[in-house]
Amino acid sequence: MKCRVTVDIPDGEGWVEALGLGRDGPVQQFHTANVLRRIQKYMPYRTGATIKLTIAQTDTHVPEIVTDNPQARYLYYGMSKSGKSLNWDEAVMAAEGDAMAADLARYMRRMLK
């Protein structure tokens, strides 16, 4: 007696999307929102305009933090009075990269339950 079994297994991309790990998935949205929340401490704050504009321009469904205004380039690439670079993304990753990775791991574990 012969028996034929067909199993439909999604390709790698199907698994990625099913787990919410795609470019627009909930894991990416959580990470973008988490970075946006944490990066504010490393951005210049005189009036708060740059931070407020960044929050308004950033869509957490897209994996990028947007600060689109004329002075942002100068502020990002400039130097602080102590001579340190002001690259906010590098600063937040250096200071809080491990914490953000732990946040992401906790979020993913919660999703899989």
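Just so we're clear, the structure is a prediction, and the values are computed from it rather than from any experiment.

### Overview of the overall build of the chain
(1) Moving on: Within the chain, the regular secondary structure consists of five helices and zero strands.
(2) Moving on: Going residue by residue from the N terminus, the α and β elements of the chain occur as α-α-α-α-α.
(3) Moving on: A buried classification covers 26% of the 113 residues belonging to the chain.
(4) Moving on: Long-range contacts, defined here as pairs at least 24 residues apart, represent 52% of the contacts in the chain between residues at least 6 apart.

### A word on a negative patch on the surface
(1) Moving on: A cluster of acidic residues, Glu17, Asp24, Asp59 and Glu64, forms a negative patch at the surface.
(2) Moving on: Within the secondary structure, aspartate 59 is located in the loop between α3 (49-57) and α4 (70-77).

### A word on the pattern of salt bridges
(1) Moving on: Applying the stated criterion to the full structure yields four salt bridges.
(2) Moving on: Arginine 38 is the partner of aspartate 103 in a salt bridge, and the nearest nitrogen-oxygen pair spans 2.6 Å. Separated by 65 residues along the polypeptide, aspartate 103 in helix α5 (residues 88-112) and arginine 38 in helix α2 (residues 26-39) bring together distant segments of the chain. By the burial criterion, aspartate 103 is buried, and arginine 38 matches it.

### Looking at the side chain of threonine 50
(1) Moving on: Tracing the backbone shows threonine 50 in helix α3.
(2) Moving on: The residues contacting threonine 50, other than those within four sequence positions of it, are Met43, Thr67, Asn69, Gln71, Leu75 and Trp88.

### Observations regarding the nonpolar core
(1) Moving on: Grouped together as the largest cluster of nonpolar side chains are eight residues: Val35, Ile39, Met43, Ile51, Tyr76, Trp88, Val92 and Met100.
(2) Moving on: Elements that contribute at least two residues to this core include exactly α2 and α5.
(3) Moving on: The biggest single contributor to this core is α5, with three residues.
(4) Moving on: The contact partners of tryptophan 88, leaving out residues within four places of it in the chain, are Ile39, Tyr42, Met43, Pro44, Thr50, Thr67, Ala72, Leu75 and Tyr76.

### Things to note about the packing of α2 against α5
(1) Moving on: Where α2 contacts α5, the two axes come as close as 9 Å, and the packing angle between them is 145°. Crossing angle aside, the handedness with which α2 passes α5 is right-handed. Here Pro26, Val27, Phe30, His31, Asn34, Val35, Arg37, Arg38 and Ile39 of α2 lie close against α5, whose contacting residues are Trp88, Asp89, Val92, Glu96, Ala99, Met100, Asp103, Leu104, Tyr107, Met108 and Met111.

### Comments concerning the side chain of asparagine 34
(1) Moving on: Along the polypeptide, asparagine 34 turns up in helix α2.
(2) Moving on: Polar contacts involving the side chain of asparagine 34 include one to the side chain of aspartate 103, which spans 3.2 Å.
(3) Moving on: Leaving out residues up to four positions away in the same chain, asparagine 34 has contacts with Met100 and Asp103.

The rules behind these values
Residues numbered from 1 in each chain as written. Predicted model: local features only at pLDDT ≥ 70, side-chain atom pairs only at ≥ 80, totals over all residues. Heavy atoms only, no water. Helix = DSSP H or I, 4+ residues; strand = E, 2+ residues; numbered from the N terminus. Buried < 20%, exposed > 50% of the residue type's maximum accessible area, 1.4 Å probe, protein only. Contact = heavy atoms within 4.5 Å. Patch = residues over 30% accessible without salt bridge, like charges linked within 9 Å, V, L, I, M, F, W, Y side chains within 5 Å. Areas by Shrake-Rupley, 256 points an atom, 1.4 Å probe, with all protein chains shown as cover. Salt bridge = Lys/Arg side-chain N within 4 Å of Asp/Glu carboxyl O. Lys, Arg positive; Asp, Glu negative; His and termini not counted. Charge placed at Lys NZ, Arg CZ, Asp CG, Glu CD. Core = buried A, V, L, I, M, F, W, Y, C linked by side-chain atoms within 4.5 Å. Axes fitted to C-alpha atoms, helices over the stretch in contact; angles between N-to-C directions. Left-handed = near helix turned anticlockwise from the far one by under 90°. Polar contact = N/O pair within 3.5 Å; in protein donor to acceptor, adjacent residues only side chain to side chain.

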